[in-house]
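Chain by chain, the residues run as shown.
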Amino acid sequence: MSFQFTGRPTLVVSDRDLSLPASVVAIGAFDGVHQGHQQLISEAVRDARAEGVPAIVWTFDPPPKVFFGRAARLSTLDDKLARIARLGPDLIAVASFTASYCARSAGAFLGDLARIGPRRVHVGADFRFGAKQTGDVELLAARFETRLARPVVCAGGEPVSSTRIRALRRAGDIAGAAVLQSCPGPAALLAGRLQMHDTRYEEDPHVRH
Ligand SMILES: Cc1cc2nc3c(=O)[nH]c(=O)nc-3n(C[C@H](O)[C@H](O)[C@H](O)COP(=O)(O)O)c2cc1C
Ligand SMILES: Nc1ncnc2c1ncn2[C@@H]1O[C@H](COP(=O)(O)OP(=O)(O)OP(=O)(O)O)[C@@H](O)[C@H]1O
(Lines give C-alpha, C1' and ligand atoms only; values in the text may rest on other atoms or scores of the structure.)
(Ligands and ions follow the chains in the order given, each with its own letter.)
Protein backbone atom coordinates (compact mmCIF):
# COMPACT_ATOMS: atom_id res chain seq x y z
CA MET A 1 0.00 0.00 0.00
CA SER A 2 1.48 3.37 -0.86
CA PHE A 3 0.64 6.69 0.72
CA GLN A 4 0.86 10.01 -0.96
CA PHE A 5 2.01 13.06 0.93
CA THR A 6 1.66 15.88 -1.53
CA GLY A 7 2.25 18.68 0.94
CA ARG A 8 -0.95 20.31 -0.30
CA PRO A 9 -3.80 20.80 2.16
CA THR A 10 -7.01 18.87 1.59
CA LEU A 11 -10.11 21.01 1.29
CA VAL A 12 -13.33 19.82 2.95
CA VAL A 13 -16.55 20.98 1.31
CA SER A 14 -20.24 20.19 1.22
CA ASP A 15 -21.13 17.99 -1.77
CA ARG A 16 -23.68 20.65 -2.77
CA ASP A 17 -21.01 23.26 -3.38
CA LEU A 18 -18.97 21.23 -5.82
CA SER A 19 -18.72 21.83 -9.51
CA LEU A 20 -15.66 20.79 -11.50
CA PRO A 21 -14.85 20.27 -15.18
CA ALA A 22 -12.95 17.05 -14.45
CA SER A 23 -11.95 14.84 -11.53
CA VAL A 24 -11.28 11.31 -10.31
CA VAL A 25 -13.53 10.35 -7.41
CA ALA A 26 -13.56 7.67 -4.70
CA ILE A 27 -16.94 7.14 -3.03
CA GLY A 28 -17.86 5.48 0.25
CA ALA A 29 -18.95 5.76 3.85
CA PHE A 30 -15.33 4.98 4.85
CA ASP A 31 -16.21 4.55 8.54
CA GLY A 32 -12.93 3.82 10.32
CA VAL A 33 -10.85 4.42 7.15
CA HIS A 34 -9.48 0.90 7.30
CA GLN A 35 -6.85 -0.65 5.05
CA GLY A 36 -9.38 -1.50 2.32
CA HIS A 37 -10.59 2.10 2.26
CA GLN A 38 -7.01 3.35 2.32
CA GLN A 39 -6.09 1.30 -0.74
CA LEU A 40 -9.21 2.34 -2.65
CA ILE A 41 -8.62 6.04 -1.91
CA SER A 42 -4.86 5.83 -2.60
CA GLU A 43 -5.53 4.26 -6.00
CA ALA A 44 -7.99 7.04 -6.84
CA VAL A 45 -5.41 9.65 -5.81
CA ARG A 46 -2.77 7.99 -8.00
CA ASP A 47 -5.23 7.82 -10.90
CA ALA A 48 -6.08 11.51 -10.49
CA ARG A 49 -2.38 12.49 -10.44
CA ALA A 50 -1.82 10.48 -13.63
CA GLU A 51 -4.80 12.20 -15.28
CA GLY A 52 -3.74 15.63 -14.00
CA VAL A 53 -7.15 16.29 -12.44
CA PRO A 54 -8.29 16.85 -8.83
CA ALA A 55 -8.65 13.77 -6.60
CA ILE A 56 -12.00 13.85 -4.80
CA VAL A 57 -13.19 11.65 -1.93
CA TRP A 58 -16.99 11.70 -1.72
CA THR A 59 -18.26 10.53 1.65
CA PHE A 60 -21.36 10.59 3.84
CA ASP A 61 -21.97 11.80 7.37
CA PRO A 62 -23.21 10.07 9.38
CA PRO A 63 -22.25 6.79 7.71
CA PRO A 64 -25.50 5.39 6.23
CA LYS A 65 -25.40 2.25 8.39
CA VAL A 66 -25.12 4.44 11.47
CA PHE A 67 -27.98 6.67 10.26
CA PHE A 68 -30.21 3.61 9.87
CA GLY A 69 -29.17 2.25 13.29
CA ARG A 70 -27.58 -0.85 11.74
CA ALA A 71 -24.11 -0.16 13.19
CA ALA A 72 -22.18 1.81 15.76
CA ARG A 73 -19.93 4.58 14.45
CA LEU A 74 -16.20 3.77 14.32
CA SER A 75 -14.78 7.25 13.56
CA THR A 76 -15.92 10.73 14.42
CA LEU A 77 -16.25 12.91 11.33
CA ASP A 78 -13.10 14.84 12.26
CA ASP A 79 -11.09 11.66 12.69
CA LYS A 80 -12.37 10.29 9.38
CA LEU A 81 -11.53 13.51 7.53
CA ALA A 82 -8.04 13.64 9.05
CA ARG A 83 -7.33 10.03 8.15
CA ILE A 84 -8.59 10.51 4.58
CA ALA A 85 -6.59 13.74 4.19
CA ARG A 86 -3.46 11.77 4.99
CA LEU A 87 -3.94 9.85 1.73
CA GLY A 88 -3.53 13.05 -0.28
CA PRO A 89 -6.84 13.87 -2.04
CA ASP A 90 -7.31 17.47 -3.12
CA LEU A 91 -10.83 17.61 -1.81
CA ILE A 92 -13.22 15.72 0.46
CA ALA A 93 -16.90 16.25 -0.37
CA VAL A 94 -19.17 15.47 2.58
CA ALA A 95 -22.82 14.69 1.88
CA SER A 96 -25.01 15.21 4.91
CA PHE A 97 -26.84 11.88 5.18
CA THR A 98 -30.30 12.95 6.32
CA ALA A 99 -33.83 11.56 5.85
CA SER A 100 -34.33 13.75 2.77
CA TYR A 101 -30.92 12.84 1.33
CA CYS A 102 -31.39 9.08 1.64
CA ALA A 103 -34.76 9.32 -0.13
CA ARG A 104 -33.04 10.65 -3.26
CA SER A 105 -32.99 8.34 -6.25
CA ALA A 106 -29.97 6.60 -7.74
CA GLY A 107 -30.44 8.78 -10.84
CA ALA A 108 -30.33 11.96 -8.74
CA PHE A 109 -27.05 10.81 -7.19
CA LEU A 110 -25.58 10.16 -10.64
CA GLY A 111 -26.61 13.74 -11.46
CA ASP A 112 -24.69 14.95 -8.37
CA LEU A 113 -21.60 13.10 -9.56
CA ALA A 114 -21.93 14.51 -13.06
CA ARG A 115 -21.32 17.99 -11.57
CA ILE A 116 -17.70 17.03 -10.87
CA GLY A 117 -17.01 15.53 -14.30
CA PRO A 118 -15.60 12.16 -13.16
CA ARG A 119 -13.05 10.70 -15.56
CA ARG A 120 -13.20 7.63 -13.34
CA VAL A 121 -15.12 6.57 -10.24
CA HIS A 122 -13.40 4.24 -7.74
CA VAL A 123 -15.63 2.02 -5.56
CA GLY A 124 -15.77 -1.53 -4.24
CA ALA A 125 -17.79 -4.21 -6.04
CA ASP A 126 -20.57 -4.07 -3.41
CA PHE A 127 -21.11 -0.31 -3.65
CA ARG A 128 -24.81 0.68 -3.63
CA PHE A 129 -26.44 4.09 -3.84
CA GLY A 130 -29.80 5.82 -4.03
CA ALA A 131 -33.06 5.34 -2.13
CA LYS A 132 -33.46 1.76 -0.90
CA GLN A 133 -30.00 1.06 -2.34
CA THR A 134 -31.37 0.62 -5.87
CA GLY A 135 -28.17 1.80 -7.58
CA ASP A 136 -25.28 -0.64 -8.08
CA VAL A 137 -21.92 -0.70 -9.82
CA GLU A 138 -23.53 -1.75 -13.09
CA LEU A 139 -25.73 1.35 -13.11
CA LEU A 140 -22.75 3.49 -12.10
CA ALA A 141 -20.58 2.01 -14.86
CA ALA A 142 -23.29 2.69 -17.44
CA ARG A 143 -22.82 6.41 -16.77
CA PHE A 144 -19.16 6.80 -15.71
CA GLU A 145 -15.98 4.85 -16.24
CA THR A 146 -15.82 2.80 -13.04
CA ARG A 147 -12.83 1.14 -11.38
CA LEU A 148 -13.55 -1.61 -8.85
CA ALA A 149 -11.11 -1.80 -5.93
CA ARG A 150 -9.20 -5.02 -5.33
CA PRO A 151 -10.36 -6.40 -1.99
CA VAL A 152 -7.84 -6.02 0.83
CA VAL A 153 -7.92 -9.09 3.06
CA CYS A 154 -6.65 -9.91 6.56
CA ALA A 155 -3.85 -12.39 7.19
CA GLY A 156 -6.51 -15.09 7.59
CA GLY A 157 -7.99 -14.27 4.16
CA GLU A 158 -11.22 -12.58 5.35
CA PRO A 159 -11.91 -9.15 3.84
CA VAL A 160 -11.03 -6.14 5.96
CA SER A 161 -14.30 -4.36 6.71
CA SER A 162 -15.83 -1.84 9.10
CA THR A 163 -18.12 -4.68 10.25
CA ARG A 164 -15.11 -6.82 11.16
CA ILE A 165 -13.47 -3.95 13.07
CA ARG A 166 -16.72 -3.39 15.03
CA ALA A 167 -16.84 -7.10 15.88
CA LEU A 168 -13.20 -7.12 17.04
CA ARG A 169 -13.86 -4.08 19.24
CA ARG A 170 -17.01 -5.69 20.69
CA ALA A 171 -14.95 -8.78 21.50
CA GLY A 172 -12.44 -6.55 23.31
CA ASP A 173 -9.70 -7.07 20.68
CA ILE A 174 -8.82 -3.38 20.45
CA ALA A 175 -5.30 -4.10 19.19
CA GLY A 176 -6.64 -6.39 16.43
CA ALA A 177 -9.10 -3.71 15.35
CA ALA A 178 -6.36 -1.06 15.36
CA VAL A 179 -4.17 -3.18 13.06
CA LEU A 180 -6.88 -3.18 10.38
CA GLN A 181 -7.12 0.61 10.65
CA SER A 182 -3.39 1.25 10.86
CA CYS A 183 -1.55 3.26 8.29
CA PRO A 184 2.13 4.19 8.12
CA GLY A 185 3.51 7.67 8.54
CA PRO A 186 4.03 9.89 11.55
CA ALA A 187 0.92 11.57 12.91
CA ALA A 188 2.74 14.88 12.67
CA LEU A 189 2.27 14.77 8.91
CA LEU A 190 -1.42 15.33 9.55
CA ALA A 191 -0.87 18.71 11.14
CA GLY A 192 -2.24 21.50 8.98
CA ARG A 193 -3.39 19.23 6.14
CA LEU A 194 -7.12 19.91 6.51
CA GLN A 195 -8.86 23.13 5.55
CA MET A 196 -12.52 23.30 6.54
CA HIS A 197 -13.77 25.27 3.59
CA ASP A 198 -17.46 25.01 4.29
CA THR A 199 -19.15 23.41 7.28
CA ARG A 200 -22.74 23.98 6.19
CA TYR A 201 -23.13 20.24 5.66
CA GLU A 202 -23.32 19.98 9.44
CA GLU A 203 -26.38 22.17 9.65
CA ASP A 204 -29.08 21.81 7.05
CA PRO A 205 -30.59 18.87 5.15
CA HIS A 206 -30.58 18.47 1.37
CA VAL A 207 -33.76 20.45 0.84
CA ARG A 208 -32.48 21.84 -2.46
CA HIS A 209 -32.57 18.50 -4.28
C1 LIG B 1 -28.59 9.35 -2.61
C2 LIG B 1 -28.39 8.15 -1.72
C3 LIG B 1 -29.49 7.53 -1.12
C4 LIG B 1 -29.31 6.42 -0.28
N5 LIG B 1 -30.40 5.81 0.28
C6 LIG B 1 -30.23 4.69 1.03
C7 LIG B 1 -31.35 3.97 1.55
O8 LIG B 1 -32.49 4.31 1.33
N9 LIG B 1 -31.09 2.87 2.33
C10 LIG B 1 -29.82 2.45 2.63
O11 LIG B 1 -29.66 1.47 3.35
N12 LIG B 1 -28.74 3.11 2.13
C13 LIG B 1 -28.92 4.20 1.33
N14 LIG B 1 -27.82 4.85 0.83
C15 LIG B 1 -26.47 4.43 1.28
C16 LIG B 1 -25.81 3.49 0.29
O17 LIG B 1 -26.45 2.26 0.27
C18 LIG B 1 -24.32 3.31 0.66
O19 LIG B 1 -24.18 2.99 2.02
C20 LIG B 1 -23.52 4.57 0.38
O21 LIG B 1 -23.66 4.90 -0.99
C22 LIG B 1 -22.05 4.42 0.72
O23 LIG B 1 -21.51 3.30 0.11
P24 LIG B 1 -20.72 2.22 0.96
O25 LIG B 1 -21.72 1.72 1.99
O26 LIG B 1 -20.31 1.18 -0.01
O27 LIG B 1 -19.59 2.91 1.60
C28 LIG B 1 -27.99 5.94 -0.03
C29 LIG B 1 -26.90 6.55 -0.67
C30 LIG B 1 -27.08 7.63 -1.49
C31 LIG B 1 -25.89 8.26 -2.16
N1 LIG C 1 -11.37 -4.69 2.21
C2 LIG C 1 -11.69 -3.86 1.23
N3 LIG C 1 -10.94 -3.82 0.13
C4 LIG C 1 -11.25 -2.98 -0.90
N5 LIG C 1 -12.32 -2.15 -0.90
C6 LIG C 1 -13.11 -2.16 0.18
C7 LIG C 1 -12.84 -3.00 1.30
N8 LIG C 1 -13.79 -2.79 2.24
C9 LIG C 1 -14.63 -1.86 1.73
N10 LIG C 1 -14.24 -1.48 0.49
C11 LIG C 1 -14.90 -0.55 -0.39
O12 LIG C 1 -14.80 0.76 0.15
C13 LIG C 1 -16.01 1.50 -0.11
C14 LIG C 1 -16.56 2.00 1.19
O15 LIG C 1 -16.86 0.86 1.96
P16 LIG C 1 -17.72 0.90 3.27
O17 LIG C 1 -17.58 2.25 3.87
O18 LIG C 1 -19.07 0.36 3.04
O19 LIG C 1 -16.83 -0.10 4.16
P20 LIG C 1 -17.10 -1.56 4.63
O21 LIG C 1 -15.87 -1.98 5.34
O22 LIG C 1 -17.56 -2.44 3.50
O23 LIG C 1 -18.28 -1.28 5.68
P24 LIG C 1 -19.31 -2.28 6.38
O25 LIG C 1 -18.52 -3.46 6.89
O26 LIG C 1 -19.91 -1.44 7.47
O27 LIG C 1 -20.30 -2.67 5.31
C28 LIG C 1 -16.99 0.52 -0.75
O29 LIG C 1 -17.04 0.81 -2.14
C30 LIG C 1 -16.40 -0.84 -0.44
O31 LIG C 1 -16.69 -1.80 -1.46
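Scroll up to find the structure this text is about.
This is a predicted model, so every value here is computed, not measured. (Residues numbered from 1 in each chain as written. Chains lettered and ligands numbered in written order. Predicted model: local features only at pLDDT ≥ 70, side-chain atom pairs only at ≥ 80, totals over all residues. Heavy atoms only, no water.)

Caption draft 1: A look at the nonpolar core. Residues Ile27, Trp58, Phe60, Phe109, Phe127 and Leu140 are the most contacted members of the largest nonpolar core, which totals 25 residues. Broken down by secondary-structure element, the contributors of at least two residues to this core are strand E2 (23–27), strand E3 (55–61), strand E4 (91–96), helix H4 (99–102), helix H5 (106–114), strand E5 (118–123) and helix H6 (137–143). Here Phe127 is in contact with Ile27, Phe109, Gly135, Asp136, Val137 and Leu140, once residues within four sequence places are set aside. The next biggest cluster of nonpolar side chains, apart from the first, holds 21 residues, and it includes Val12, Phe30, Ile41 and Ile92. (Core = buried A, V, L, I, M, F, W, Y, C linked by side-chain atoms within 4.5 Å. Buried < 20%, exposed > 50% of the residue type's maximum accessible area, 1.4 Å probe, protein only. Helix = DSSP H or I, 4+ residues; strand = E, 2+ residues; numbered from the N terminus. Contact = heavy atoms within 4.5 Å.)

Caption draft 2: The site of ligand 1, seen in detail. The immediate surroundings of ligand 1 are formed by 17 residues, with Ala29, Cys102, Arg128, Lys132 and Gln133 found nearest. In this structure, Ala29 approaches ligand 1 through a main-chain N or O atom, which is 2.7 Å from an oxygen atom. Within the backbone of Cys102, a nitrogen or oxygen atom sits 2.9 Å from a nitrogen atom of ligand 1. For ligand 1, whose free accessible area comes to 610 Å², the fraction covered by protein is 86%. Cavity membership is defined here by more than half of the atoms lying within 2 Å of grid points; on that basis ligand 1 lies in the largest pocket. Here the residues of the shell around ligand 1 sort into ten nonpolar, three polar and four charged. (Near = heavy atom within 4 Å. Polar contact = N/O pair within 3.5 Å; in protein donor to acceptor, adjacent residues only side chain to side chain. Areas by Shrake-Rupley, 256 points an atom, 1.4 Å probe, with all protein chains shown as cover. 1 Å grid on protein atoms, 1.4 Å probe; cavity = no way out; pocket = protein on both sides within 12 Å on 5 of 7 lines; lining within 4 Å. Sits in = over half its atoms within 2 Å of the grid points. Nonpolar A, V, L, I, M, F, W, Y, C, P; charged D, E, K, R; others polar.)

Caption draft 3: Looking closely at the side chain of Ser75. Examined against the element boundaries, Ser75 turns out to sit in the loop between helix H2 (64–67) and helix H3 (77–85). At 2.7 Å, the side chain of Ser75 forms a polar contact with the backbone nitrogen of Gly32. Each residue touching Ser75, except ones within four places of it in the same chain, is listed here: Asp31, Gly32, Val33 and Lys80.

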